[in-house]
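Tertiary structure, described
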Amino acid sequence: MKTKIIMSVLTIMCLTCLKSYAKSFVERNTVSKSDIYKAVEYKTILVDSLKIFYREAGETTKPTIILLHGFPSSSHMYRNLINELANNYHVIAPDYPGFGQSSAPTPQRYQYTFDNLSITMEHFIDQLKITKTSLYIQDYGGPVGMRIATRRPELIQSLIIQNSNAYVEGLGEVLKPLIAYVENPNAETEKAARFFLTIDATKWQYLTGAGAPEKIAPDSYSIDQYYLDRKGNDVIQLALFRDYGSNIALYEKWHQYFAKYKPPMLVIWGKNDQFFIAQGANAYKKDNPNAEIHLLNGGHFALEEHHLEISKLIINFLSKKVK
């Protein structure tokens, strides 16, 4: 009799454990509604007669983050970050004209200046009917995004700034050949500037300063170089190099924007960046004392090895600042 009772109890215990395990397994392996919505979509929209390519993920009812890429990259640089943010946010990452999968008309048909890139991106935002957004800006994304922010302060919910400079103390020594080309464009300075269009320079941007270079996917700089090597793209990039001085001239205007509007600001910096050195990160506190600053052990393209850490910083920051 006792044996039967013991066997019955053990059977019930086993069935309970199996049921619990099955439920846990199903929960872990069931695709939830939020997972369905996070899948990245690859889209193209016509903006000012230009085909603008962009990546989009997340639910449109959630707060929007627009990711503005740097040189010599494209929205591809955000491929990992998009996946990390899409469950919590509506994420959009466009390619500028002349970059990635967007149209690349000749300089005779499109004026490649930072003013013009920002206007095209502003029209892109308006065409998607976005009225409030956080901007994630890296490298060239800074001068593009800051022009939009100063023209449309009501649009901006927060700024997430990653190795994107707005202070002269952030300009590294390695930029001297480009500054020389900006100040005096001629055959000699152009030759030095063209080095930044080569595969050696592109790899250097990704690998120099990286805390763990083995974490940098070769696809990243290889894809960037593919776009740089397209026929006629060198002329596009040189035009933007020559216009870079217009960004430095606007630094004071951007500082006034920071001081007046005090946008919630998260500054994330690969502290070993040779283009935009760490002093440039700390400088943001001068005009926005509430800026949250994080220096990571990485280089110019810190996302390549720190996208998980950066996504956590963003989610934590926006959970407090943007509703």
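Residues numbered from 1 in each chain as written. Predicted model: local features only at pLDDT ≥ 70, side-chain atom pairs only at ≥ 80, totals over all residues. Heavy atoms only, no water.

1. Re unusual backbone geometry
In most cases, non-glycine residues show a negative phi, while peptide bonds are predominantly trans. Applicable threshold: Segments assigned H or I by DSSP are reported as helices when at least four residues long, segments assigned E as strands when at least two residues long, and all are numbered from the N terminus. We call a residue buried when its accessible area falls under 20% of the maximum for its residue type, exposed when it is over 50%, and partly exposed in between, using a 1.4 Å probe and counting protein chains only.
The residue after Phe71, namely Pro72, is reached through a cis peptide bond having omega 0°. Note on placement: Pro72 falls in the loop between β3 (64-68) and α3 (79-85). A positive phi angle, close to 50°, is found at Asp48, a residue other than glycine. Relative to the helices and strands, Asp48 resides in the loop between β1 (41-47) and β2 (50-57). With relative accessibility at 44%, the residue Asp48 sits in the partly exposed group. With a phi angle near 70°, Ser49 is a residue other than glycine that sits in the positive phi range. Position of Ser49 relative to the elements: it lies in the loop between β1 and β2. For Ser49, a relative accessible area of 67% gives the class exposed.

2. Considering the pattern of salt bridges
Going by this rule: Salt bridge, as applied in this entry: a Lys or Arg side-chain nitrogen positioned within 4 Å of an Asp or Glu carboxyl oxygen.
All told, the structure shown has 13 salt bridges when counted by the stated rule. In this structure, Lys43 and Glu56 form a salt bridge, with 2.6 Å as the shortest nitrogen-oxygen distance. Placement of the pair is Lys43 in strand β1 and Glu56 in strand β2, with a sequence separation of 13 residues. In this structure, the salt-bridge partner of Glu304 is Arg79, at a minimum N-O distance of 2.9 Å. Of this pair, Glu304 sits in helix α14 (residues 303-321) while Arg79 sits in helix α3, and the two are 225 residues apart along the sequence.

3. Some remarks on the nonpolar core
Note the cut-off: For this analysis, a nonpolar core means a set of buried residues of the types Ala, Val, Leu, Ile, Met, Phe, Trp, Tyr and Cys, connected via side-chain atoms within 4.5 Å. Pairs of residues are marked as contacts when any of their non-hydrogen atoms sit within 4.5 Å.
Counting residues in each nonpolar core, the largest one holds 59 residues, and the members touching the most others are Tyr140, Leu159, Phe241, Phe258 and Tyr284. When near neighbours in sequence (up to four residues on either side) are disregarded, Phe258 contacts Met146, Leu159, Ala166, Tyr167, Pro263, Met265, Tyr284, Asp287 and Asn288. Judged by nonpolar contacts, the second largest core, of 30 residues, contains Ala210, Ile268, Ile310 and Phe317.

4. Remarks on the pairing of strand β4 (residues 90-94)
Inclusion rule: Any two strands are treated as partners once DSSP identifies two or more bridges connecting them. Assignment of crossover handedness uses the view with strands pointing away from the viewer, where a clockwise path from the first strand over the helix to the second indicates a right-handed crossover.
Counting buried residues in β4 gives 5 out of 5 residues, a clear majority hidden from the surface. Because side chains alternate across β4, one face comprises the buried residues His90, Ile92 and Pro94, and the other comprises Val91 and Ala93, equally buried. Taken together, the 3 bridges between β3 and β4 define a ladder with parallel strand orientation. By the bridge assignment for β4, Ile65 is matched with Val91. Regarding topology, α3 serves as the crossover connection from β3 to the parallel β4, and that connection is right-handed.

5. Notes on the packing of aromatic side chains
Our working definition: Centres within 6.5 Å are what make two rings of Phe, Tyr or Trp a pair, Trp counting through its six-membered ring; a difference in plane orientation under 30 degrees is then read as stacked, over 60 as edge-to-face, and the rest as tilted.
In the structure shown here, the tally under the stated rule is 23 aromatic pairs. An angle of 80° between the planes, with centres 5.3 Å apart, marks the rings of Tyr167 and Tyr284 as edge-to-face. On the criterion of sequence distance, the pair formed by Tyr167 in the loop between β6 (156-162) and α6 (176-183) and Tyr284 in the loop between α13 (279-282) and β8 (292-296) is long-range, its members being 117 residues apart. Given the relative accessible area of 1%, Tyr167 is considered buried. Residue classification places Tyr284 among the buried positions, given a relative accessible area of 2%. Through successive ring pairs, a cluster of aromatic residues spans Phe71, Tyr96, Phe99, Phe114, Tyr140, Phe241 and Tyr244.

In short, shape yes, function no, at least from these values alone.
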